Amino acid sequence: MENWFTELHTKDTGISIKVAKPIYTKFSKYQRIDIFQNKTLGRILTLDGLIQLTESDEFIYHEMLVHPSLVVHPTCEEVLVVGGGDGGTAREALKHNQCRIDLVEIDEAVIKACIKFFPTLSLSLSDERVKLFTEDGTKFTKKKKSKYDVIIVDSTDPIGFAKELFRAQFYKSCYSALKENGILVAQSESPILHRGIMKGMYKNLSAIFPTVQFYLVPIPTYPSGLWSFVFCSKKYQPLEFAREVNFTTKYYNLEIHKASFALPNFVKDIFNSD
Ligand code: SAM
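Each chain carries its own residue numbering, running from 1 in the direction its sequence is written. Residues qualify for local features only when their pLDDT is at least 70, as the model is predicted, and side-chain atom pairs are given and counted only at 80 or more; totals for whole chains, interfaces and linings, by contrast, use all residues. In computing side-chain properties, one takes all heavy atoms of the structure into account and sets aside hydrogens as well as water.

Observations concerning the domain arrangement of the protein
When the parts of a complex come together, some accessible area is lost, and that lost area is often taken as the interface size. Each assigned domain of the protein is listed with its residue range as follows: domain 1 (4–54) and domain 2 (58–241 + 250–272). For domain 1 and domain 2, the distance between their C-alpha centres works out to 22 Å. In this description, contact between two residues means that some pair of their heavy atoms is separated by no more than 4.5 Å. Contact with domain 1, which involves 22 residues of that partner, is made by 22 residues of domain 2. Both sides of the domain 1 and domain 2 interface together cover about 1,900 Å² of buried area, and 72% of this is carbon and sulfur. Two parts placed together each lose some accessible area under a 1.4 Å probe, and adding up what both lose gives the buried area. Interface area lost by domain 1 to domain 2 is led by His9, Tyr30 and Leu53, which between them contribute 29%. Under the rule applied, a polar contact is a pair of N or O atoms within 3.5 Å (in protein, one hydrogen donor and one hydrogen acceptor; residues adjacent in sequence only if both atoms are side-chain atoms). Connecting domain 1 to domain 2 are five residue pairs in polar contact (both at pLDDT 80 or more). Residue assignment for the side of domain 1 that touches domain 2 shows that the elements contributing at least two residues are β1 (4–10), β3 (21–27), β4 (32–38), β5 (42–47) and β6 (50–54). The leading source of residues in the side of domain 1 that touches domain 2 is β6, at five residues. Only Asp, Glu, Lys and Arg are considered charged in this grouping, and only Ala, Val, Leu, Ile, Met, Phe, Trp, Tyr, Cys and Pro are considered nonpolar; every other residue, Gly among them, is considered polar. Tallied by class, the residues present in the side of domain 1 that touches domain 2 amount to 13 nonpolar, six polar and three charged. These domain boundaries are the output of an automatic or database domain assignment. Under the scheme used here, helices are H or I runs from DSSP no shorter than 4 residues and strands are E runs no shorter than 2 residues, and both carry numbers assigned from the N terminus.

Put into structure tokens, the structure is as follows:
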């Protein structure tokens, strides 16, 4: 019997991937964690049945979540990653040699599973510049004042305990936890399927940060294949100081940085409509 994984994105659309080999399943205190192998996409991590990453396209998500803000911030040293227990975001942030990273992931079981089964991402978590905290990112961030240059929110979708990471109160804590020229970047869902979430984020964030700009990336295995991130800043503009980087990337470069902030009209409409 063939075994297929299916994630529904709406009532009548979704993605199906053939499971070549189930690798790992665990019900942690917070969520169901599954890892399986597909011949085309490699290993895949799902949480509560939703794809978090595949080995074939994770580089697009992680490079684009991290490099635009770390390139724009001219003196970034202190970085906070909220979520991101797989280590992909920390891996990319470490390419900026001067950066130290605090990573706060609520679910220790995600970290442990990724250390075992996704070494190309999780090797970053044993780097001496990375400090791991296993607690709720909203509580952790509330305790920090003017500490970070950049905060990166690498969260699951706004469901259950991750919902708090999409609320105004959390964004206010991030604002206070950032230094006076700090930048916040967050994954912000699909402009095709989650327009209400993006609109809510825009409303909440633009009441707090002077600069709030969404940008787009293609992620073939995420709902609709088109994903968004939001760049929020106290001082810098997203194209300010944009430059070529002196390390290896598979997706990110200066042209991509500039192009990703150009929004199609149907995305601009999300923010302009009442
Ligand atoms: N790339 C992914 C995506 O957008 O689908 C995100 C991957 S990463 C594994 C997301 C992580 O955020 C999960 O491991 C989850 O446990 C963590 N997370 C969710 N809510 C959190 C919270 N309130 N505090 C800290 N970590 C949280």
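Side note on the pattern of salt bridges
In the sections that follow, a salt bridge refers to a side-chain nitrogen of Lys or Arg positioned within 4 Å of a carboxyl oxygen of Asp or Glu. For the structure on display, the rule yields 10 salt bridges. A salt bridge links Lys143 to Glu135; the nearest nitrogen and oxygen atoms lie 3.1 Å apart. When salt bridges with common partners are traced through the structure, they connect Glu58, Arg91, Glu92 and Lys95 into a single cluster.

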